[in-house]
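# Understanding the architecture of this molecule
As a plain string of letters, each chain reads:
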Amino acid sequence: MDSCSPLCGRMFLSKLRLLVKRPSLHFLSSFHTQNLVSPPQISPNLLPVLAGKCTSLNQLKQIHAQIIVSDQNSSDGGVANRIVSSSAELEHKLMALIPLRLLLYMKMRKLGVTPGNNTLTFVLKACADCHLLNSGKQIHTQVLKFGLDLDLYVINSLIRFYGVCGDMSDARKLFEEVPVRNFIIWTMIVSGYAQNFFSNEALLLFEMLAEGVEPNGETLLSVLCACARSLSLESEEQTEVGLMLGTALVDIYAQKGDISMARSLFHKIPERNTTTWNAMICGLTDLGHAVEALELFQEMGKAEVMPNDITFTGVLSACCRAGLLEDGRDIFLSMKRVYENEPKIEHNRCMVDLLVQGGRLLEAEELISGMVSEPDIVFLGAILEACKNHGNIAIAERVVKKMLHLEPQNHGAYDVLSSMYVDAGRWEDELKLRKEMKDLTKIPGWGFVDTWMELARKHIL
């Protein structure tokens, strides 16, 4: 059959664009009939697009006929694979007894097209959604036939399929045969057990995550559902909770703001590690229970559990929120003296905040000067702000000098010091500073930021 003329091709593309935008059964039928007589040369990539726009089984059959007429299904498995996947949305609309993706897959195999891993995952999902256990098992044999039994995406789909269909025996067998399990595989098997009311198995597998795979939100959600059935967390029963599960639940409830449930779970964990204590201490700190967080840190010491950087950040933050300067200083000093843990930048920042809150500006300056790493603008800016509030010009001058060493064009530092000179009536120093400022090229935007910050301090803060 001769190919169409350029004019015919342009008309075809015009109709194609309209069809993609507003699919219509009548228009699609006439489009198909016209192009059966004189089919233009079209890109294989356009056919899956049209298939995705279909709104009925008849429309999709016409697109499939177009593939056959155009002889594009003989060797290009990619087109057939994309056709299978693009029918997913249509399948939900049609709610057919036999999934459309499964029908297309059967047709695809009759045509001799080799399926890829994406095609098989889509078909397995269709079998799972319609609870077609026998059909899914046949697809499983296809997976083995085409050597995709080690593909993690296909394995994940198979485990999900068996779990949805209630066949946890085959799901567990597949899980045990996986050489390398990622968090998706773990999530599918745990979710499968939880959905089929095998709560104990779900919790046991969750505890096995200690092998090195960090659970995600979906895994935790499945385990929470299992806990609701198995552990009766809402009751007053003193049921013991496993270490990893308990720690995760403490963290979840603390983040939700339910500190009483987090506290209850914390005390049900028989043996707590550093991560467990951290979850509770940081949860108390974030929810404003600073004194309790400090008391818990002291209990942690009595239990001879070694704190880490996260522990110290949490408890120092608690001291900052409650203004507990002496307690914070003791904890900060104990890091190096008792625990041989060199304070990191986040610990120094907490301590500087504590000191400037208490007006200990000289001590804050000494702390910054003794840091292993050079202090940044955030540290120095906090002290400079405190110097302005307390009228300490001597320290402010030294801090501004350090700030200009880091950022020579930092006009804001000059402005703060100049304002302090004016407030103190030191006009000669202010004039000298102004002369130094004239030698600088003012950074665009600094003036606006400084003005806005000054207004915020006077009228908002």
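Treat the numbers as computed from the prediction; the structure is a model and nothing was measured.

### Focus: the overall build of the protein
Within the protein, the regular secondary structure consists of 27 helices and zero strands. For the protein, the proportion of its 461 residues judged to be buried stands at 44%. Partitioning the intrachain contacts of the protein with sequence separation of at least 6 by distance along the chain shows that 62% fall at a separation of at least 24. Entry remark: accessible area of the protein is about 24400 Å², with carbon and sulfur atoms responsible for 56%.

### Examining the packing of helix α23 (residues 377-390) against helix α24 (residues 393-406)
Closest axis-to-axis distance for the α23/α24 pair is 9 Å, and the angle between their directions is 155°. With respect to α24, the element α23 is oriented roughly antiparallel. Handedness of the α23/α24 crossing: left-handed. Contacts from I377, L380, G381, I383, L384 and C387 in α23 reach I395, A396, V399, V400, K402, M403 and L406 in α24.

### Some points on α23
Helix length check: α23 (14 residues) gives 20 Å between terminal C-alpha atoms against 20 Å at 1.5 Å per residue, within 8%. Taken together, the buried positions of α23 are occupied by F379, L380, I383, L384, A386, C387 and K388. Two residues or fewer after α23 comes G391, characterised by a positive phi angle close to 70°.

### Some details on the UniProt feature "repeat: PPR" (unreviewed entry) in the protein
Those places that UniProt annotates as "repeat: PPR" (unreviewed entry) correspond, in this numbering, to residues 151-185, 273-307 and 308-338. Secondary structure content for residues 151-185 is 74% helix and 0% strand, and the end C-alpha separation is 12 Å. Counted over residues 308-338, helix gives 87% and strand 0%. Its end C-alpha atoms are 12 Å apart.

### A short note on the packing of aromatic side chains
Evaluation of the coordinates by the stated rule reveals six aromatic pairs. Pairing F161 with Y162 gives two aromatic rings, centres 4.9 Å apart and planes at 55°, and the pair type is tilted. The two residues F161 and Y162 agree in class, both being buried. With a centroid separation of 5.2 Å and 80° between ring planes, the pair formed by F175 and W186 is classed as edge-to-face. In this pair, F175 is assigned in helix α11 (residues 168-177) and W186 in helix α12 (residues 183-195), connecting sequence segments 11 residues apart. Judged by relative accessible area, which is 0%, F175 ranks as buried. Take W186: its relative accessible area is 2%, and that puts it in the buried class. Taken together, F297, F312 and Y339 form an aromatic cluster joined through their ring pairs.

### A few points about the nonpolar core
If you look at the biggest cluster of nonpolar residues, it comprises 68 residues, and the most contacted ones within it are V250, M280, I331 and I383. Per element, the largest residue contribution to this core is seven residues, and it comes from α24. Dropping the residues within four chain positions of it, I331 is found in contact with L294, F297, F312, V315, L316 and C319. In terms of nonpolar packing, the next biggest core, distinct from the first, is built from 33 residues, M108, L148, V190 and A202 among them.

### Some details on helix α17 (residues 274-286)
Its 13 residues give α17 an end-to-end C-alpha distance of 18 Å, which sits within 8% of 18 Å, the value for a rise of 1.5 Å per residue. With respect to burial, α17 is a largely interior element, 10 of its 13 residues being buried. Along α17, the residues that are buried comprise T274, T276, W277, N278, A279, M280, I281, G283, L284 and T285. The first or second residue beyond α17 is G288, which carries a positive phi of 85°.

What counts and what doesn't
Residues numbered from 1 in each chain as written. Predicted model: local features only at pLDDT ≥ 70, side-chain atom pairs only at ≥ 80, totals over all residues. Heavy atoms only, no water. Helix = DSSP H or I, 4+ residues; strand = E, 2+ residues; numbered from the N terminus. Buried < 20%, exposed > 50% of the residue type's maximum accessible area, 1.4 Å probe, protein only. Contact = heavy atoms within 4.5 Å. Areas by Shrake-Rupley, 256 points an atom, 1.4 Å probe, with all protein chains shown as cover. Axes fitted to C-alpha atoms, helices over the stretch in contact; angles between N-to-C directions. Parallel < 35°, antiparallel > 145°, perpendicular 65-115°, else oblique. Left-handed = near helix turned anticlockwise from the far one by under 90°. Expected span 1.5 Å × (residues − 1). UniProt positions renumbered as here; feature names shortened; annotations may be inferred. Phe/Tyr/Trp six-rings, centres within 6.5 Å; stacked < 30°, edge-to-face > 60°. Core = buried A, V, L, I, M, F, W, Y, C linked by side-chain atoms within 4.5 Å.

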